[in-house]
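Here are the chains, one letter per residue:
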Amino acid sequence: DGFEERRMMPGTWVCKNVSGCSMEEATTEFTWSMFAYMRGGNSKKTKIDLRVPIVRWMNPAILGTSGCNKNYRMCSWLPQEHQEDPPVPQEEGVYLYQSRGPVVYAMLYDSPRDKQDEVFTQRATKFMDMLDATGIQYKPEYVKSVVYIGPSPSAKELHEVWLVKPDRSDEVTGEDMDTVRNKCQVLDCPEYLSIQKHDGFEERRIMPGTWVCKNVSGCSMKEASGEFAWSMLAYVSGSNSKKAKIEVDVPVLRSMNPAHMLTEGCDKEYTMCFWLPQQYQEDPPKPIGDRMYLYQSRGPVVYVKSYVGPMEVQDEVFTRRATKFMNALDQAGIQYKKEYVKSVTYDGASPDKRLTEMWLVKPEE
């Protein structure tokens, strides 16, 4: 009653993170950046019509507060003709954001241009109270203000409040090869092209992109994963060149030489990586210390075996799955790189429904 539930389509937005005293002030700064972008301040020097929706993200905790350290994410939808090959912004701090297509609760409202903060605060608070009263869950960490700009400066603007429905990736079950596609509707994952589905596994081309990695020595994969988790936490909490706080509902990759799988001792070498979210791919924050580094993957072709069940990082589980998968490829006469085997875990589900994949890399031709 008074609002709508929608599935937004995936696509690319042009964004900038802005701090200021008010949403109106931040919008003005963002508008100048967008004006430069649309007038040719992009990698293609393309003139772009940006009379498109503008989305302004903020934490509900700042609504109605004073001070000039309020943080906003401002984004403009990139027109359809540029979605396939988006022009890259040239201004520092402006970036392309690939939305996976969330489900949102949307409420339409009117707002005079000179009272946007005041009216939005009232409407957003009322909307959150309404959903709370009816028991409807939404993500509490941010609320969005959406402005639809008309075809002329004098046209009436339309305003909406968006609250994002929580991800439902925990409902994904079974060993369907499409499971990862379901996961990556709600998680930030490297894109891939499915080349061929075999009996029980799949051949994929993983798209190029940046991972944040660390080489770890230890007695076991579980021990190495624990050390990597602390390093990863430091990086996403701001121990990087931009002091950025990074959300990491992303895949984690563990790699090791198969020759070490059945050995004992505490000198086993592992490479641990997590996928860098899409909004940071264009200009990745560099790790500070702790032997973390950025790894630019060229986009390998991999053979993939999927499992859904409790999260397992024990060496014996990794060894059993990897050995079985390698034996299956050997028997089928399929060539793969012998020097490493990889395990990829996708977050965003209950612990007993975690998606894990084994990756064996196809040799380059």
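An account of the accompanying structure is given in this report.

### Things to note about the layout of surface pockets
Thinking step 1. Looking at the second largest pocket, its volume works out to about 680 Å³.
Thinking step 2. Around the second largest pocket, the lining comprises 31 residues; the ones closest to its centre are Tyr 295, Pro 300, Tyr 340, Lys 342 and Val 361.
Thinking step 3. Split by residue class, the lining of the second largest pocket holds 15 nonpolar, seven polar and nine charged.

### Remarks on unusual backbone geometry
Across residues other than glycine, the phi torsion is negative in most instances, and most of the peptide bonds are trans.
Thinking step 1. Positioned with a positive phi, Lys 243 is a non-glycine residue whose angle comes to about 55°.
Thinking step 2. Summarising the element assignment, Lys 243 is placed in the loop between helix H4 (221–236) and strand S12 (252–256).
Thinking step 3. Phi is positive for Arg 291, close to 60°, though the residue is something other than glycine.
Thinking step 4. Within the secondary structure, Arg 291 is located in the loop between strand S13 (268–275) and strand S14 (293–297).
Thinking step 5. When its relative accessible area of 54% is taken as the criterion, Arg 291 is described as exposed.

### Concerning the sheet that holds strand S16 (residues 341–346)
Thinking step 1. Pairing is antiparallel in the open sheet, where nine strands are placed in the order S9-S10-S15-S17-S16-S12-S13-S11-S14. Lying at the two open borders of the sheet, with one neighbouring strand each, are strand S9 (192–197) and S14. Averaged over all pairs of adjacent strands, the angle between strand axes in this sheet comes to 30°, irrespective of strand direction.
Thinking step 2. Sheet analysis places S16 next to strand S17 (residues 354–361), joined by five bridges and oriented antiparallel. In the strand pairing of S17, Val 344 is matched with Glu 357.
Thinking step 3. Contacting S12, S13, strand S15 (301–309), S16 and S17, helix H5 (residues 315–332) crosses the sheet at an angle of about 50° to S17.

### A word on the environment of Leu 262
Thinking step 1. Residue position: Leu 262 is located in the loop between S12 and S13.
Thinking step 2. For the pair Leu 262 and Glu 316, spaced 54 residues apart in the sequence, the C-alpha separation amounts to 8.4 Å.

### Remarks on the pattern of salt bridges
Close approach of charged atoms lets side chains of opposite charge pair.
Thinking step 1. A complete count under the given rule lists 15 salt bridges for this structure.
Thinking step 2. A salt bridge links Arg 6 to Glu 4, with the nearest nitrogen and oxygen atoms 2.8 Å apart.
Thinking step 3. Here the salt bridges do not stand alone but share partners, grouping Lys 214, Glu 227, Asp 290 and Arg 291 into one network.

Cut-offs used in this document
- In this convention, every chain numbers its residues from 1, walking through the sequence in written order.
- Local features in a predicted model are, by the rule used here, given only for residues with pLDDT of at least 70; side-chain atom pairs are given and counted only at 80 or more, and totals for whole chains, interfaces and linings are based on all residues.
- The side-chain figures draw on all heavy atoms in the structure; neither hydrogens nor water molecules are used.
- For each structure, a 1 Å grid was placed over the protein atoms alone; sets of points admitting a 1.4 Å probe that cannot get out are labelled cavities, open sets with protein on both sides within 12 Å along at least five of seven lines are labelled pockets, and lining residues have an atom within 4 Å of a point.
- Grid points are joined across faces, edges and corners, and a volume is the space filled by probe spheres set on the points.
- Residues are sorted three ways: Asp, Glu, Lys and Arg are charged, Ala, Val, Leu, Ile, Met, Phe, Trp, Tyr, Cys and Pro are nonpolar, and all the rest, Gly among them, are polar.
- In this text, helices come from DSSP runs of H or I with a minimum length of four residues, and strands from runs of E with a minimum of two, each type numbered from the N-terminal end.
- Think of it in three bands: with a 1.4 Å probe and only protein chains considered, a residue is buried below 20% of the maximum accessible area for its type, exposed above 50%, and partly exposed in between.
- Pairing between two strands is assigned when DSSP locates at least 2 bridges connecting them.
- Axis definition: a line fitted to C-alpha atoms, limited for helices to the stretch in contact. Angles are taken between N-to-C directions and run from 0 to 180 degrees.
- For this analysis, residues touch if any pair of their heavy atoms sits within 4.5 Å.
- Think of a salt bridge as a Lys or Arg side-chain nitrogen and an Asp or Glu carboxyl oxygen that are within 4 Å of each other.

Nothing here speaks to function; it is all geometry.
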